[in-house]
Amino acid sequence: MKTSFPVRGCLVFGEIEFQPFQIKGTGGATFYNNSLYGKGLINAYLKAESQDWAGCFIDKSAIQTVKEDVIYELIYANKVVYYPVPLKDGTQSFEHTIRIIGGSLNNVAFRNLAKGIERLFTHHMNGKPITESVVKKQNNTIKFLDYFRTEKDSKE
């Protein structure tokens, strides 16, 4: 998220199979197939695709598999925050989300990081405008960043 392009994801607990194998080709070439599949992978994909921002949350299926102290430690270490994740259907779902920054932001730091997020969303467009749905994802991502701002403009 901070270096190349915006992504979204979801950490889940579920069944996943991994069955790698090799196929020997006729010219001596070897093809490696690393198949990963299962209900857990599909669940993670569907939950990631339902989000309307660039971010990642930890699904309740994963939260329930660890001791509650682990979640508290992640929160106190500024790795996770409980946040209303924007969904494509227009609703929000409070989830434990992965933080994109470790601490809080003043107005200048917020502005600089928000401009960086805008660049991430437009960088690969070669000057073409981004679609309305991408603008919404960008704005929702910046809104998440704003959640960590300690100083608010006096107009707000």
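Treat the numbers as computed from the prediction; the structure is a model and nothing was measured.

Q: For this particular structure, what's the right way to read the overall build of the chain?
A: Each helix and strand counted, the chain has 5 helices and 6 strands in total. For the chain, the succession of helices and strands along the chain, N to C, is β-β-β-α-β-α-α-β-β-α-α. Taking 156 residues into account, the globule formula puts the C-alpha radius of gyration at 15 Å, and the chain, at 19 Å, lies well above it. Referenced to the eigenvectors of the C-alpha coordinate spread, the extents of the chain come out at roughly 70 × 45 × 30 Å. Here the chain holds 156 residues, and the buried ones make up 31% of them. When the accessible surface of the chain is summed, it comes to about 10500 Å², and 57% of that surface belongs to carbon and sulfur atoms. Of the charged side chains in the chain, 20 are positive and 16 negative, and the gap between their average positions amounts to 6 Å.

Q: What is the right way to look at the environment of Ser 104 in this model?
A: Mapped onto the secondary structure, Ser 104 falls in the loop between strand 6 (92–98) and helix 4 (107–122). Relative accessible area serves as the criterion here: at 53%, Ser 104 is assigned to the exposed category. Spatially, the C-alpha atom of Ser 104 lies 9.4 Å from that of Glu 151, the residues being 47 residues apart in sequence. When sequence neighbours within four positions are dropped, the list of residues in contact with Ser 104 reads Phe 148 and Thr 150.

Q: When you look at the sheet that holds strand 4 (residues 56–58) in this model, what are you seeing that I'm missing?
A: Think of a sheet as strands paired side by side through backbone hydrogen bonds, with each pair either parallel or antiparallel. Reading across from one edge, 1-4-6-5 is the order of the 4 strands in this open sheet, with mixed pairing throughout. Because the sheet does not close on itself, it has two edges, and the strands there are strand 1 (9–11) and strand 5 (80–86). The mean inter-strand angle of the sheet, taken between neighbouring strand axes irrespective of direction, is 45 degrees. The pairing of strand 1 with strand 4 spans 3 bridges and is classified as parallel. In the sheet register, Cys 10 faces strand 4, and the bridge partner there is Phe 57. Contacts between helix 5 (residues 132–146) and the sheet are confined to strand 5 and strand 6, with strand 5 contributing the most and set at about 150 degrees to the helix.

Q: What's the story with the side chain of Asn 140 in this structure? I'm lost.
A: You can see Asn 140 is positioned in helix 5. By relative accessible area, Asn 140 is classed as buried at 15%. One polar contact links the side chain of Asn 140 to the main-chain carbonyl oxygen of Asp 52, over a distance of 2.7 Å. Not counting the four nearest positions on each side in its chain, Asn 140 is found in contact with Asp 52, Trp 53 and Pro 86.

Q: Is there a simple way to explain the packing of helix 4 against helix 5 in this structure?
A: The relative placement of two packed helices is expressed as an angle between their axes plus a distance between the axes. Interaxial distance between helix 4 and helix 5 falls to 10 Å at its minimum, and their mutual angle equals 155 degrees. Judged on the interaxial angle alone, helix 5 and helix 4 are roughly antiparallel. The two elements helix 4 and helix 5 cross, and the hand of that crossing is right-handed. For the pair helix 4 and helix 5, the contacting residues are Phe 110, Leu 113, Ala 114, Ile 117, Glu 118, Phe 121 and Thr 122 in the first and Val 134, Lys 137, Gln 138, Thr 141, Ile 142, Leu 145 and Asp 146 in the second. Looking at side-chain class alone, the contact of helix 4 with helix 5 contains 8 nonpolar, 3 polar and 3 charged residues.

Q: Could you clarify how one ought to interpret the nonpolar core in this entry?
A: Soluble globular proteins: nonpolar side chains tend toward being buried together. Core analysis: the biggest nonpolar cluster contains 19 residues, and Ile 100, Ile 101, Phe 110, Ile 117, Phe 144 and Leu 145 have the highest contact counts within it. At the level of elements, strand 5, helix 4 and helix 5 are the ones that each hand at least two residues to this core. For Phe 110, the contacting residues outside a window of four places in its chain are Leu 105, Ile 142, Leu 145, Asp 146 and Arg 149. One finds Ile 58, Ala 62, Ile 63 and Ile 71 within the second-largest nonpolar core, a separate group that totals 5 residues.

About the thresholds
- Residues numbered from 1 in each chain as written.
- Predicted model: local features only at pLDDT ≥ 70, side-chain atom pairs only at ≥ 80, totals over all residues.
- Heavy atoms only, no water.
- Helix = DSSP H or I, 4+ residues; strand = E, 2+ residues; numbered from the N terminus.
- Rg over C-alpha atoms; globule rule 2.2 N^0.38 Å.
- Buried < 20%, exposed > 50% of the residue type's maximum accessible area, 1.4 Å probe, protein only.
- Areas by Shrake-Rupley, 256 points an atom, 1.4 Å probe, with all protein chains shown as cover.
- Lys, Arg positive; Asp, Glu negative; His and termini not counted.
- Charge placed at Lys NZ, Arg CZ, Asp CG, Glu CD.
- Contact = heavy atoms within 4.5 Å.
- Pairing = 2+ DSSP bridges.
- Axes fitted to C-alpha atoms, helices over the stretch in contact; angles between N-to-C directions.
- Polar contact = N/O pair within 3.5 Å; in protein donor to acceptor, adjacent residues only side chain to side chain.
- Parallel < 35°, antiparallel > 145°, perpendicular 65-115°, else oblique.
- Left-handed = near helix turned anticlockwise from the far one by under 90°.
- Nonpolar A, V, L, I, M, F, W, Y, C, P; charged D, E, K, R; others polar.
- Core = buried A, V, L, I, M, F, W, Y, C linked by side-chain atoms within 4.5 Å.

Any functional reading would require information that these geometric values do not contain.
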